[in-house]
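Summary of structural features
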Amino acid sequence: MAIIEEHPDLTPMVLGWREWLALPDLGLTLIKAKVDTGARTSTLHAFYVDTFHRGGQLYARFGVHPLQRRADVVIHGEAPVIDQRNVSDSGGHREQRYIIETRLLLGGREWPIELTLTNRESMLFRMLLGRTAIAGNALVDPARSFVNGRRKRPWEAYGADALR
């Protein structure tokens, strides 16, 4: 605890069980995430994932519907693949997923996180923020929601280019 006391800017932030956040390197200016301490790795909804090589590096190109019930809002992103892992979903089904790294922006702070890419179309949340992404950065209060701000009209965060 001495480090936190000496450096107040390193004090972990408080998160609710769901939060609005951004993944600016992927063009996702606003996405609602479930803060899931039961999930080791964070997961991003991608309704398609294609891979390609650039300069000898494997990349993933993917499409995201960042807002639930708004399939008309589409963001296409790409990122270097840093790994491929077998991941178990909440139902115990194992799936091989591509892992990317990107910056997370939440509550005025930013830090790098790893994300798996998978289709979460049938799920309520487009993103799960897992425990490795928040470890050392945040504490979760499961009785609270949107501690870092509510968003009315979230589609306004995306310009006309994101609309199909």
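Keep in mind that what you see is a predicted model, and the values were worked out from it rather than measured. (Residues numbered from 1 in each chain as written. Predicted model: local features only at pLDDT ≥ 70, side-chain atom pairs only at ≥ 80, totals over all residues. Heavy atoms only, no water.)

1. As for the environment of R126
Which entries qualify depends on this criterion: The secondary structure listing takes helices from DSSP runs of H or I that are at least 4 residues long and strands from runs of E that are at least 2 residues long, numbered from the N terminus. Whether two residues touch is decided by their heavy atoms; if any such pair falls within 4.5 Å, the residues are in contact. Under the rule applied, a polar contact is a pair of N or O atoms within 3.5 Å (in protein, one hydrogen donor and one hydrogen acceptor; residues adjacent in sequence only if both atoms are side-chain atoms).
Locating R126 in the fold gives a position in the loop between β9 (109-118) and β10 (127-130). Taking the C-alpha atoms as reference points, R126 and L67, separated by 59 residues in sequence, lie 7.1 Å from one another. Each residue touching R126, except ones within four places of it in the same chain, is listed here: I31, K32, T43, L44, H45, H65, P66, L67, Q68, R69, R120 and E121. Here the side chain of R126 touches H65 through a polar contact of 3.1 Å, landing on its backbone oxygen. One polar contact links the side chain of R126 to the main-chain carbonyl oxygen of R120, over a distance of 3.2 Å.

2. Looking at the pattern of salt bridges
As a reminder of what qualifies: Think of a salt bridge as a Lys or Arg side-chain nitrogen and an Asp or Glu carboxyl oxygen that are within 4 Å of each other.
Counted under the stated rule, the structure contains nine salt bridges. Measuring nitrogen to oxygen at the nearest pair gives 2.6 Å for the salt bridge that ties R54 to E78. On the criterion of sequence distance, the pair formed by R54 in strand β5 (residues 48-54) and E78 in strand β7 (residues 75-88) is long-range, its members being 24 residues apart.

3. A short note on the pairing of β5
Note the following rule: In short, DSSP must find at least two bridges between two strands for them to pair.
Note that β5 and strand β6 (residues 57-64) share seven bridges and pair antiparallel. Each bridged residue has a counterpart across the sheet, and for D50 the counterpart in β6 is R61. With antiparallel pairing between neighbouring strands as the criterion, β5 and β6 make up a hairpin whose turn holds two residues, including G55 at a positive phi of roughly 60°.

4. A closer look at the layout of surface pockets
Short version of the rule: Cavity means a closed set of points on a 1 Å grid over the protein atoms alone, one where a 1.4 Å probe fits but cannot get out, pocket means an open set with protein on both sides within 12 Å along at least 5 of 7 lines, and lining means a residue has an atom within 4 Å of a point. Grid points are joined across faces, edges and corners, and a volume is the space filled by probe spheres set on the points. Just so you know the grouping, Ala, Val, Leu, Ile, Met, Phe, Trp, Tyr, Cys and Pro go in nonpolar, Asp, Glu, Lys and Arg go in charged, and all remaining residues, Gly too, go in polar.
Space inside the second largest pocket adds up to approximately 170 Å³. Together, W20, K32, P66, L67, Q68, R69, R70, L124, F125, R126, P154 and W155 line the second largest pocket. The residue inventory of the lining of the second largest pocket, partitioned by class, reads seven nonpolar, one polar and four charged.

5. Here's the deal with the nonpolar core
Note the following rule: In these notes, a set of buried Ala, Val, Leu, Ile, Met, Phe, Trp, Tyr and Cys residues joined through side-chain atoms within 4.5 Å is what counts as a nonpolar core. Partly exposed describes any residue whose relative accessible area lies between the buried limit of under 20% and the exposed limit of over 50%, with all areas from a 1.4 Å probe on protein chains only and scaled to the type maximum.
Core analysis: the biggest nonpolar cluster contains 35 residues, and L23, L44, M127 and L129 have the highest contact counts within it. Among the elements that take part in this core, strand β3 (residues 28-36) stands out by supplying five residues, more than any other. Not counting the four nearest positions on each side in its chain, M127 is found in contact with L21, L23, I31, K32, A33, K34, T43, L44, I113, L115 and R120.

6. As for the pairing of strand β4 (residues 42-45)
Side chains of β4 alternate between two faces, with S42 and L44 and T43 and H45 buried alike. In this sheet, β9 lies alongside β4 in parallel orientation, the contact comprising four bridges. Opposite T43, over in β9, you have T116 as the bridge partner. Taken together, the two bridges between β4 and β10 define a ladder with antiparallel strand orientation.

7. What to know about the environment of S145
Mapped onto the elements of the fold, S145 is located in the segment after β11 (138-140). Excluding its chain neighbours within four sequence positions, the residues that come into contact with S145 are G16, W17, R18 and R150. Within the local environment of S145, its side chain forms a polar contact with the side chain of R18, the two groups lying 3.0 Å apart.

8. Some details on unusual backbone geometry
The phi dihedral of F146 is positive, around 50°, even though this residue is not glycine. In this structure F146 comes out as buried when scored by relative accessible area, which is 10%.

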